[in-house]
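For reference, the chains in residue letters:
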Amino acid sequence: AAALLVEGLVKRYKGGITALDGVDLRVEPGEVFAILGPNGAGKSTLINIVAQITTATAGAVAVFGTALQQDPLATKRLVGITPQEIALDPFFTVREVLVNHAGYYGFRDASAHVERLLERLGLAEHAHKRTRQLSGGMKRRLTVAKSLVHQPPLIILDEPTAGVDVALRRDLWAFVSELHQEGVTVILTTHYLEEAQALAGRVAIINHGRVVRCAPMSQLLNSF
Ligand code: ADP
Ligand code: ADP
């Protein structure tokens, strides 16, 4: 089954904005897939539906062969989402955020995995700090770590490098490549062609809530 299958997805917000206007996408297991589009194209709406933060007006979404509606909890466990807006409890430490999040997913003995994520995302020396003491970059690293705590086979990163400095962008790009090598399916949104080019095997271009192009990166570059 596809890692992500989106069929005929429509989202109309109250007030009449059509954020998604019939989106079809199929992402295979193990791919790094970019969703490229300008602000307002519908990227976050698409992610919010897959994350089950909001519901679609019409259409269907399945992950690894299971429709979201068929089994909301099981499908949530299969997906890790790195949202664009960073929402971290200011009073917890970095380590506590990860341990607590593992707890939500029912992992009792997550500490080895948490320590490894702290290490991999360059958070180990900040693990004891409360999140309100963190820089924006450190918060971004923690948000990525949090989305991986339940070891999902699919991770979706919403504009992972928007507003980050060059060093963090480089680290996040390297991290995405590592995930790919480990067999994790990665979907990322970006409005930055160079990022799609650096990371993705295939890309969908989305505009005004529609997929206007979906192709291997190499084909797409030849057409510019
Ligand atoms: P981006 O374009 O980078 O995804 P936005 O500024 O469009 O970010 O959206 C930020 C947040 O505000 C999102 O959670 C989105 O759902 C919400 N949002 C965006 N536009 C509206 C709107 N017109 N009314 C209510 N919420 C909105
Ligand atoms: P992107 O992530 O590509 O910037 P979004 O999915 O955030 O796009 O937004 C797509 C469209 O939907 C925009 O016109 C935005 O203003 C609108 N929108 C997003 N969230 C909301 C919301 N919660 N309520 C109303 N309109 C929204």
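Residues numbered from 1 in each chain as written. Chains lettered and ligands numbered in written order. Predicted model: local features only at pLDDT ≥ 70, side-chain atom pairs only at ≥ 80, totals over all residues. Heavy atoms only, no water.

An unreviewed UniProt entry annotates the protein chain as ABC transporter related protein originating from Magnetococcus marinus.

How do you make sense of the sheet that holds strand β10 (residues 210-216) when you look at a structure like this?
Sheets are built from strands paired through backbone hydrogen bonds, the pairs being either parallel or antiparallel. As summarised here, the arrangement of the 6 strands in space is β6-β7-β8-β3-β9-β10, forming an open sheet in which the pairing is mixed. Of all the strands in the sheet, the pair left with one neighbour each is β6 (79-82) and β10. Neighbour-to-neighbour, the strand axes of this sheet turn through a mean angle of 15 degrees, independent of strand direction. When strand β7 (residues 154-158) meets strand β8 (residues 185-190), the two strands line up parallel, connected through 5 bridges. (Pairing = 2+ DSSP bridges. Helix = DSSP H or I, 4+ residues; strand = E, 2+ residues; numbered from the N terminus. Axes fitted to C-alpha atoms, helices over the stretch in contact; angles between N-to-C directions.)

Hey, could you run me through the site of ligand 2 in this one?
All residues adjacent to ligand 2 are Tyr-13, Ile-17, Ala-19, Pro-38, Asn-39, Gly-40, Ala-41, Gly-42, Lys-43, Ser-44 and Thr-45. Within the contact set of ligand 2, a nitrogen atom lies 3.3 Å away from a side-chain nitrogen or oxygen of Tyr-13. One nitrogen or oxygen atom from the main chain of Ala-41 is found 3.1 Å from an oxygen atom belonging to ligand 2. When the free accessible area of ligand 2 is taken as 550 Å², the share hidden by the protein chains comes to 61%. Among the elements that take part in the shell around ligand 2, helix α1 (residues 43-50) stands out by supplying 3 residues, more than any other. Of the residues that constitute the shell around ligand 2, the class distribution is 5 nonpolar, 5 polar and 1 charged. (Near = heavy atom within 4 Å. Polar contact = N/O pair within 3.5 Å; in protein donor to acceptor, adjacent residues only side chain to side chain. Areas by Shrake-Rupley, 256 points an atom, 1.4 Å probe, with all protein chains shown as cover. Nonpolar A, V, L, I, M, F, W, Y, C, P; charged D, E, K, R; others polar.)

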